[in-house]
Every structure is written in C-alpha cells, then in structure tokens.
Number of protein chains: 2
Amino acid sequence: MQRYKCIVSYDGTQFAGYQVQPNKRTVQGEIEKSLAKLHKGQEVKISASGRTDAGVHARGQVFHFDSSLDIPLGKWEVALNSMLPDDVAIICVEKAERDFHARFDAQGKEYRYFISQTHIRDPFKRHFAYKYSYPINIQAINEAIPFLLGEHDFTSFCSAKSEVENKVRELSEIELLLEEEALTFRFVGNGFLYNMVRILVGTLLDVGSGEISPSDIPSILEKKDRIFAGKTAPAHGLYLWEVHY
Amino acid sequence: MQRYKCIVSYDGTQFAGYQVQPNKRTVQGEIEKSLAKLHKGQEVKISASGRTDAGVHARGQVFHFDSSLDIPLGKWEVALNSMLPDDVAIICVEKAERDFHARFDAQGKEYRYFISQTHIRDPFKRHFAYKYSYPINIQAINEAIPFLLGEHDFTSFCSAKSEVENKVRELSEIELLLEEEALTFRFVGNGFLYNMVRILVGTLLDVGSGEISPSDIPSILEKKDRIFAGKTAPAHGLYLWEVHY
C-alpha cells in the first residue's frame, strides 16, 4: 500500500458540498466513485484537509488515499481526470509518507473571497463572486483587520451549529486586494471554523458599510456569541485556495 | 412608440443559441418573455445585430425594440434584469432614432476567442475557454494572419450550411494576445459569416500545429470551399465582444 497526497480543484456550483451525503452530488463522492472504478470496483476512501460547503469552490483542496495500484507518477492525474466530471480536476498526485494525513498534518490554509462591485450583474461571475454593489469604506475595513489578526477565540465568527469545542484559531494574514469594480479578501490561518471566513467577510462588509465600527471588533470577539458578528456572506464567493503542510 | 438600443451580455452555456427556436431555451426567447411581462403580456419583438450559436457567449450583443412604456432611462436595465434569468444581463438601454436597426446599421463587430493551454483542465474555465494543450507555433500563426486581413471572399471559412450569397467580408484586425498558459484571438471586421470566427481559429490553430503552412492561406481562400480550411473550433471559447455602429 502506498499513500498518495492529491491536490484537487473544483467548481462548487453544482455540488452539495465536499463531504459525502446520501443521495447528494458531492466532491468526495465523485472522487471516490472514480477511484473505485480505477480499483475495479473496490472501495477507496479519501480524507481531505476539511469540508467545504455547498457552492464553495476550491483551487487547492488536499486529500490523501491509499492504493496498491501500480500507476506511474504523472499518470494518476490523467487516469482520474478521465473519469471525473469536468467540474472537478485533480491537479497533482504525489507519493506521501505512510502516516501523512491531509487534515491532521495541515499547518494552515488560505481562503479567498471574491466580491464583484459592478452595479449590473455580470453573467460570467454569477457563480464565482458575490455581487455587492453598495459603497464600501475601505479605510474602515483596513482599520478593523488588525483586531482580527493573531490568536483569538473565534466563537463569534463560527456557525452556532458547530460542534467543535476549542474555537481558538490564529489568523496570520488578512489582505484586501482592490481591483476595478472588484474586491478580494485573502485569509491565512492555522485553522478555520465552520462558516468562519464567510462570517468574517460579512462582518468586514458591515464595517465597510458603517453598520459596525472597526473598534467594535474586539468586543464582538469577547462576546463569544455568533449573534454579535455580521451576516454570513454567500458561499459562491468563497474559494479554498491552498492548504499548507 | 420609442425605439431603444440595448447592450446585452450572456453566458451562452445553457442556451440553445441566441435566436428563438420552438421548445428551446434561447437568449432572444428569454428577453422577449421579460419584455412581454413588462408590457402586461403584450408581445414585444427584439432584433439583434446577429445570431450566436449554442454555447457561444456575448459581452456586448446589441438589439433594438420599440415600446410605448414610460420607463425613465436608467430604470429599464433594472426592470428587465429583475425579470431575466441570471445568465443574461442587460448592460445598457438607450433611446435610438426611429429607424435605428441593430443588424443593418452595424458597421462592424469584434469577436474574441479564448484558449486555455493548461495541461490539466481548469474546472472554472470549462465553459469559457477552449482547452488546447498542444504546442503552438506562435510565429507561424503571426505569419498566417496578414493573409486573412483585408477584403476576401470567405466562402472557405464559412459553414457549408450558410445560405448567404455574398461571402465577401473585410477583416480589419486579427490580434493574438499571449498570456501565461492562455491565448486570446481578437477579430474585428465589417461582418462575419456563419461559423467564420470558429473556422478561422480552427485554421490558425492548424497553422500553429504545423498541419497547415502560413503560405497555404491564400490558396485556401481562393478555393472557396469549406473543406480546405481547418476544423471549426468549439463554441464555448467564443465571445461576441462588441458591435460597432
């Protein structure tokens, strides 16, 4: 048995999310189906760095699996992609140590969130960026960002449905990239809670609209209650960009 | 009655083309349906600068229609877009002269054709660029281009199904834009025949692969027979970019 580490990119639009669910089209489900075909019907389980929700995209999701198939390196991608639907693409397959684990060995992740500020909707971006055409006070957002950097208990920025106990995470980078009629948030951290990036974006947009003041951020964090942060930004603007090991 | 000139953008992926066809989802059909709703059920016909095929996109298709509705300029876009599906967007509606005609008054058009050269498919581009990962001899394509510029009978570069009699058209610009792992063709001309851009691209790619020599272009034009030109490149890489009046 050899363990393999894989990088996968997917357009989340037509998936009910990453994780297998009965009778739903999922990324994990499609990949495991393709691996089973490649292994003559034998079930092959994959383990990813984490889940992504319905509609959320990935540029560089990582998963691992074990196989005793003798496929030369460089041919795995072709073999898998030929069986996968065209909204999923295996970017890279490489040999990993026997104990490599896509989730437990992840040191950090980068997420990006794309916002389109055109007044008239762009049909080509409808699944790939959140159309938000209200005025945004960029300076206010840049004042709020430092309060979120570093290690915090992010309970206020986590879906109330989450069952994770320890909600302390460290954000090492939050960057706001400005383009013409577009805005991108980059978040780098050692781990992210359920809906955390979407709630961070929703809250920072509320800062940008003046609904929340930058100096409110510390007390929102202190409250440790989801109700005090801003809205959850829509799924389709979000991309799992990279997983760091 | 007031005549209006409109610019419309659409993602062609889920359309059976621009022009109305019975029992098919078309761009014209969707726009006329929305106009009818806006006119309390009264039929409103639109006339575009030309058709686009199934899967072909538009950034700046132009059409006109007549209406006696008293909607303030600047509100037409909002009114129509609120009723249109999200793969079509009315970019601009402006008053036009009574005899303005989107097709007959068009002086020229610009089409763009996007090619993705990544070896592994990009799930985000699958409907928006033609994945062509063979080596391309750019110099050969740039040598072929001048033979296509100017006024020619483009019968060889027109679908044999076309019923247009006069196949003389003038191409004023053909430009090849190179990016990392991507290639874009720009075509500007006074008119384009059925499948003309897709056959031009297919032929230029055959020049790039060495299958056709740049110096073969004049004789392909002279033959006035579709069979001598290259393949028809796929629809999903093609965008009607702009119509000039």
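Residues numbered from 1 in each chain as written. Chains lettered and ligands numbered in written order. Predicted model: local features only at pLDDT ≥ 70, side-chain atom pairs only at ≥ 80, totals over all residues. Heavy atoms only, no water.

Description of the relation of the copies chain A and chain B
Superposition of the two copies of the chain requires a rotation about an axis together with a shift along that axis.
Okay, step 1: Expressed as a screw transformation, the operator carrying chain A onto chain B has a rotation angle of 180 degrees and an axial translation of 0.0 Å, and the superposed copies differ by an RMSD of 0.0 Å. Put plainly, the chains are arranged around a two-fold axis. Considering only C-alpha atoms, the part of chain A nearest the rotation axis is Phe124(A), at 5.3 Å.
Okay, step 2: Comparing interface residues between copies, 100% of those in chain A also lie at the interface in chain B; the contact surface is shared. (Least-squares fit on C-alpha atoms with pLDDT ≥ 70 in both. Contact = heavy atoms within 4.5 Å.)

Side note on helix α4 (residues 196-209) of chain B
Residues and elements named next belong to chain B.
Okay, step 1: With 14 residues, α4 ought to run about 20 Å at 1.5 Å a step, and its terminal C-alpha atoms sit 20 Å apart, in line with that.
Okay, step 2: For α4, a buried count of 13 out of 14 residues is recorded, marking the element as mostly surrounded by other parts of the structure.
Okay, step 3: Just downstream of α4 lies Gly210, where phi reads positive at about 95 degrees. (Helix = DSSP H or I, 4+ residues; strand = E, 2+ residues; numbered from the N terminus. Expected span 1.5 Å × (residues − 1). Buried < 20%, exposed > 50% of the residue type's maximum accessible area, 1.4 Å probe, protein only.)

Notes on the pairing of strand β5 (residues 108-116) of chain A
All names here are of chain A.
Okay, step 1: The buried fraction of β5 amounts to eight of the nine residues, a majority that puts the element mostly inside the structure.
Okay, step 2: Two strands pair when backbone bridges link them, and β5 and strand β10 (residues 238-244) are joined in this way by six bridges, in the antiparallel orientation. Bridge pairing links Tyr111 to Leu240 in β10.
Okay, step 3: Relative to strand β9 (residues 182-189), β5 runs antiparallel, the two being bridged by eight bridges. Bridging from a neighbouring strand, Phe114 pairs with Thr184 of β9.
Okay, step 4: Examined bridge by bridge, β5 and strand β6 (residues 130-131) share two bridges and lie parallel to one another. Opposite Ile115, over in β6, you have Tyr130 as the bridge partner. (Pairing = 2+ DSSP bridges.)

Side note on the pairing of strand β9 (residues 182-189) of chain B
All names here are of chain B.
Okay, step 1: In terms of burial, β9 is largely enclosed, as eight of its eight residues are buried.
Okay, step 2: Of the two faces of β9, the one holding Ala182, Thr184, Arg186 and Val188 and the one holding Leu183, Phe185, Phe187 and Gly189 are both buried throughout.
Okay, step 3: Pairing of strand β8 (residues 168-179) with β9, which is carried by eight bridges, proceeds in the antiparallel orientation. Following the sheet pairing, Leu177 is matched in β9 by Thr184.
Okay, step 4: Taking the residues between adjacent antiparallel strands as the criterion, β8 and β9 are bridged by two residues, where Glu181 takes a positive phi near 55 degrees.

Brief notes about the packing of aromatic side chains
Residue and element names in this part refer to chain A.
Okay, step 1: For the structure on display, the rule yields 34 aromatic pairs over all chains.
Okay, step 2: Taking the centre distance of 4.8 Å and the plane angle of 50 degrees together, the rings of Tyr4 and Trp76 count as tilted. Linking Tyr4 in strand β1 (residues 2-10) with Trp76 in helix α2 (residues 76-83), this pair joins segments that are 72 residues apart in sequence.
Okay, step 3: Seen in terms of ring centroids, Phe114 and Tyr239 are 4.9 Å apart; in terms of plane orientation they differ by 70 degrees. Their pairing is edge-to-face. Of this pair, Phe114 sits in strand β5 while Tyr239 sits in strand β10, placing them 125 residues apart in sequence.
Okay, step 4: The class of Phe114 is partly exposed, set by a relative accessible area of 23%.
Okay, step 5: With relative accessibility at 6%, the residue Tyr239 sits in the buried group.
Okay, step 6: Over the face of the ring belonging to Phe228 we find Lys223, whose NZ or CZ atom lies 4.3 Å from the ring centre. (Phe/Tyr/Trp six-rings, centres within 6.5 Å; stacked < 30°, edge-to-face > 60°. Lys NZ or Arg CZ within 6 Å of the ring centre and 35° of its normal.)

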